[in-house]
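Structural description and commentary
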Amino acid sequence: MEYGIDAVRIESMLTRLAKITATPGQGVTRLPFTPEMSRAAVLLEEWMTDAGLAVRQDASGAVIGTLRGERDRTVVIASHYDSVQYGGAYDGSAGVVCGIEIARAFAKRGKPLDTLAIVATNDEEGARFGSGFFSTKAFLGQHTDESLSAAKDACGISTLQAMRQFGLSPERLPEAAWDLEKVAAFLEIHIEQSTALEQAGAVLGIVTGIVGMRRRMITVYGRAGHAGTVPMLGRCDAMEIASAAISRVGDIARGFPQTVATVGHIAAESNEINTIAKQVTFSLDVRSPDLARLEATDRLILEELKQACDRFGGRYETTVTLEQPPAPMDEGLQALLTACAKERGIPVHALPSGAGHDSLLMASRVPTAMLFVPSRDGISHCPEEWSDCGHLAHAAGVACAAIEKIMKQS
Ligand SMILES: [Zn+2]
């Protein structure tokens, strides 16, 4: 294949990487700052060295392989090498392995114009400490002593303690920050984890952006009473008010393209079979690649709730618990990747990403783009996760062609 990209080698690397797991026989469990991450880092360092790169592990636990170019301007290929609990062999790892394959292709051609960096990030998933994007936050200099001590795993071990046990010094974390001025492009190859590419019959996905998210908790206050004696006309039932709004959530979101809204949690008080609910608390999670659609969906759902409150004489309170604006991918890079794929006759499909990735954090600071490959049946975060290594090889080939063109730009 073009650039010497080898699907068989990609597959064999992924198979070997998948064997480094805390849960053999039950999928890949590679949590940050664990012996499995150390073993995976050693293997990645070996592969990167073999591909012709100078390798180091940074203070965040990211493994970085560099092919020095004529100039300091750098093209980055990144993905994560940690996993969720009982995860699959492709999430994160696929992008890391493709990066090594891309680097091998460039190393064979001698010194490139721009420097090429292959970055395997640590703790993107947040499966151990809940937060995630650990390496990318370090690249952007966003860590604080407080956040490192506050985040704890299920055993009560803080990120700070876990780093020390792993042999990394938290005091050196600021050294992992990047000089962002030098980054010409940040590219991430990843499995889609959904079914849009399969449905479109595409081999590659060009990510238009990573969806924005607003998460809130809502509490509706009504009036408790006897389920048998309070007449229907005099009721202020928190459950009736909440459900009037909740039943509209799906149709309101369906009114906006690529927008989703979910009520995944609900709790009633007093939660008794013969008592009218005095209070109902529920969650609302709205996501969209477009901030205006996200806000309109959220607003219309709250308007429904307000109307139901007014009708029955109840009231509600709400707090936003997470606010993440959409991260559009760089338009120039999207066009370049699309053109490189089309020149090779590879069917592409443009789509937003409903999941967060390292690119989510990088996109606001450096030109960022993502390439997706189809996930069989859209299944991910479980041992059944599977993608075609031939598709991954196409992604790596398209990335090589795009990188060549990026390097020709001054
Ligand atoms: Zn991932």
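For the structure, check the block above.
Residues numbered from 1 in each chain as written. Predicted model: local features only at pLDDT ≥ 70, side-chain atom pairs only at ≥ 80, totals over all residues. Heavy atoms only, no water.

The coordination sphere of the zinc ion contains the protein donors His80 (NE2), Asp91 (OD) and His190 (NE2), at a distance range of 2.0 to 2.2 Å. Of note, the donors binding the zinc ion are all from one chain and are spaced H-x10-D-x98-H. One end of the pair, His80, is in strand β3 (residues 71-80); the other, Asp91, is in the loop between β3 and α3 (93-108), with 11 residues separating them in the sequence. Given a relative accessible area of 5%, Asp91 falls into the buried group. (Donors = N, O, S within 2.8 Å, 3.2 Å for Na, K, Ca; no water. Helix = DSSP H or I, 4+ residues; strand = E, 2+ residues; numbered from the N terminus. Buried < 20%, exposed > 50% of the residue type's maximum accessible area, 1.4 Å probe, protein only.)

Following the criterion strictly, the structure yields 5 aromatic pairs and no others. Summarising the aromatic geometry, the rings of Phe33 and Phe166 are spaced 5.6 Å apart at their centres and angled 75 degrees between planes, so their arrangement reads as edge-to-face. In this pair, Phe33 is assigned in the loop between α1 (7-18) and α2 (35-50) and Phe166 in helix α6 (residues 159-166), connecting sequence segments 133 residues apart. Each member of the pair Phe33 and Phe166 is classed as buried. With a centroid separation of 4.0 Å and an interplanar angle of 15 degrees, the aromatic rings of Phe139 and Trp178 are classed as stacked. A residue pair is termed long-range when its members are at least 10 positions apart, and Phe139 in helix α4 (residues 134-139) and Trp178 in the loop between α6 and β5 (183-191) qualify at 39 residues. Trp178 matches Phe139 in its accessibility class, with the two residues each being buried. Three or more aromatic residues joined by ring pairs form one cluster here, namely Phe33, Phe129, Phe134 and Phe166. (Phe/Tyr/Trp six-rings, centres within 6.5 Å; stacked < 30°, edge-to-face > 60°.)

Within the secondary structure, Ile346 sits in the loop between α10 (331-343) and β15 (348-353). The exposure class assigned to Ile346 is buried, which follows from its relative accessible area of 7%. Placed 143 residues apart in sequence, Ile346 and Val203 show a C-alpha to C-alpha distance of 6.6 Å. The residues contacting Ile346, other than those within four sequence positions of it, are Val203, Leu204, Ala341, His394 and Val398. (Contact = heavy atoms within 4.5 Å.)

Turning to its location among the elements, Gln334 is positioned in helix α10. On the accessibility criterion, Gln334 (14% relative accessible area) is buried. Not counting the four nearest positions on each side in its chain, Gln334 is found in contact with Ile206, Val207, Thr208 and Met329.

Here we take up the pattern of salt bridges. This model, assessed by the stated rule, comprises 26 salt bridges. Close ionic contact of Arg216 with Asp298 constitutes a salt bridge, the shortest N to O distance being 2.8 Å. Pair noted here: Arg216 is in strand β7 (residues 212-221) and Asp298 is in helix α9 (residues 291-312), with a separation of 82 residues, a long-range link. Summarising the burial analysis for this pair, Arg216 and Asp298 share the class buried. Residues Arg299 and Glu303 are paired through a salt bridge, measuring 3.7 Å at the closest nitrogen-oxygen approach. Note that Arg299 and Glu303 are positioned in helix α9 at a spacing of 4 residues, about one turn of the helix. Each of Arg214, Arg216, Glu295, Asp298 and Glu323 takes part in a single network of salt bridges with overlapping partners. (Salt bridge = Lys/Arg side-chain N within 4 Å of Asp/Glu carboxyl O.)

Right, let's talk about unusual backbone geometry for a bit. The step from Glu269 to Ser270 runs through a cis peptide bond, and the omega angle for that step is 5 degrees. Relative to the helices and strands, Ser270 is located in the loop between β10 (266-269) and β11 (275-276). Unusually for a residue other than glycine, Tyr3 sits at a positive phi of about 65 degrees. Looking at where Tyr3 falls in the secondary structure, it is placed in the segment before α1. We note that Gln258 has phi near 60 degrees; this positive angle belongs to a residue other than glycine. Within the secondary structure, Gln258 sits in the loop between α8 (238-254) and β9 (260-262).

One way to put it is that α8 packs onto α9 with a least axis distance of 9 Å and a crossing angle of 155 degrees. In this view, α8 runs roughly antiparallel relative to α9, as classed from their interaxial angle. For the pair α8 and α9, the crossing hand works out as right-handed. Packed against α8, whose contacting residues are Glu240, Ile241, Ala242, Ala244, Ala245, Arg248, Val249, Ile252 and Ala253, the element α9 presents Thr297, Leu300, Ile301, Glu304, Leu305, Ala308, Cys309 and Phe312 at the interface. In the contact of α8 with α9, the residues fall into 13 nonpolar, 1 polar and 3 charged. (Axes fitted to C-alpha atoms, helices over the stretch in contact; angles between N-to-C directions. Parallel < 35°, antiparallel > 145°, perpendicular 65-115°, else oblique. Left-handed = near helix turned anticlockwise from the far one by under 90°. Nonpolar A, V, L, I, M, F, W, Y, C, P; charged D, E, K, R; others polar.)

This part is about α10. Taking 1.5 Å per residue as the helical rise, α10 with its 13 residues ought to reach 18 Å, and the 18 Å between its terminal C-alpha atoms agrees with that figure. Within the sequence span of α10, burial applies to Leu333, Gln334, Leu336, Leu337, Thr338, Cys340 and Ala341. Packing partners of the buried residues in α10 comprise β5, β6 (204-210), β15, β16 (368-373) and α12 (389-408). Within two residues after α10, Gly345 carries a phi angle of roughly 70 degrees, on the positive side. (Expected span 1.5 Å × (residues − 1).)

This part covers α2. For α2, spanning 16 residues, the distance from its first C-alpha to its last is 23 Å, which sits close to the expected 22 Å at 1.5 Å a residue. Taken together, the buried positions of α2 are occupied by Glu36, Met37, Ala40, Ala41, Leu43, Leu44, Trp47 and Met48. Where α2 is buried, its residues touch α1, β1 (54-57), β2 (63-67), α3, β4 (114-121) and α6. At the exit of α2 stands Gly52, carrying a positive phi of roughly 100 degrees.

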